[in-house]
Amino acid sequence: QVQLVESGGGLVQAGGSLRLSCAASGRTFSSYAMVWFRQAPGKEREFVAAIAWSTGSTYYGDSVKGRFTISRANAKNTVYLQMNSLNAEDTAVYYCAAGAGGSYPPNLSWYDYWGQGTQVTVSS
């Protein structure tokens, strides 16, 4: 059974940092792209960052460039999202997703697997 399990969310003050984790299990993800999305109340799910598991290539949404860093730990089958300089607009449920192949389009239907999400709340 394939599972993506997010953790690390919580409440943080503006300007603070959090690190999210996405633990993947149930299959080999070496040919997959791993992506973080987020969804704020009343808004559509938004692309945040992506990493190609095999090459480590990364890509970021404009709203998080320079503040967030995506990485992976092969031995732990885990993807991380380091979030710095958080602000109230970063408040959302953050989801981890996996899609086959080396691309990471913003359309949600591309992705084969999703986690249950972890809440991030930034207080101003």
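Criteria and cut-off values
Residues numbered from 1 in each chain as written. Predicted model: local features only at pLDDT ≥ 70, side-chain atom pairs only at ≥ 80, totals over all residues. Heavy atoms only, no water. Helix = DSSP H or I, 4+ residues; strand = E, 2+ residues; numbered from the N terminus. Rg over C-alpha atoms; globule rule 2.2 N^0.38 Å. Buried < 20%, exposed > 50% of the residue type's maximum accessible area, 1.4 Å probe, protein only. Contact = heavy atoms within 4.5 Å. Areas by Shrake-Rupley, 256 points an atom, 1.4 Å probe, with all protein chains shown as cover. Lys, Arg positive; Asp, Glu negative; His and termini not counted. Charge placed at Lys NZ, Arg CZ, Asp CG, Glu CD. Pairing = 2+ DSSP bridges. Core = buried A, V, L, I, M, F, W, Y, C linked by side-chain atoms within 4.5 Å.

### A short note on the overall build of the protein chain
Along its length, the protein chain carries zero helices and eleven strands. Moving toward the C terminus, one meets the helices and strands of the protein chain in the order β-β-β-β-β-β-β-β-β-β-β. A globule of 124 residues ought to have a C-alpha radius of gyration of about 14 Å, and the protein chain, at 13 Å, matches this closely. Along the three orthogonal principal directions, the C-alpha set of the protein chain runs to about 40 × 30 × 25 Å. Going through the 124 residues of the protein chain one by one, you find that 43% of them count as buried. Across the protein chain, every contact between residues at least 6 apart in sequence was considered, and the portion connecting residues at least 24 apart equals 57%. When the accessible surface of the protein chain is split by element, carbon and sulfur atoms take 48% of a total near 6,100 Å². Each charge sign in the protein chain was given a centre, from 9 positive and 7 negative side chains, and these centres are 8 Å apart.

### Focus: the pairing of strand β3 (residues 18–25)
Both strand β1 (residues 3–7) and β3 contribute to a ladder of five bridges, which runs antiparallel. Within β3, the position partnered with serine 7 by the bridge is serine 21. As judged from the six bridges shared by β3 and strand β8 (residues 78–83), these two strands associate in the antiparallel manner. Counted as the bridge partner of cysteine 22 is valine 79 from β8.

### Description of unusual backbone geometry
In the Ramachandran plot, asparagine 77 falls in the positive-phi region, its phi being about 50° despite a non-glycine side chain. Note that asparagine 77 resides in the loop between β7 (68–73) and β8. Taking relative accessible area as the criterion, asparagine 77 reaches 22% and is therefore assigned partly exposed. Of note in this structure, serine 85 is not a glycine but carries a positive phi near 50°. With respect to the element layout, serine 85 can be found in the loop between β8 and β9 (92–100).

### A look at the nonpolar core
Counting residues in each nonpolar core, the largest one holds 28 residues, and the members touching the most others are Met34, Trp36, Leu81, Met83 and Tyr94. Mapped onto this core, the elements with two or more residues apiece are β3, β4 (32–39), β5 (46–52), β7, β8, β9 and β11 (118–123). Membership of the second largest hydrophobic core comes to eight residues, among which are Ala33, Phe47, Ala97 and Tyr104.

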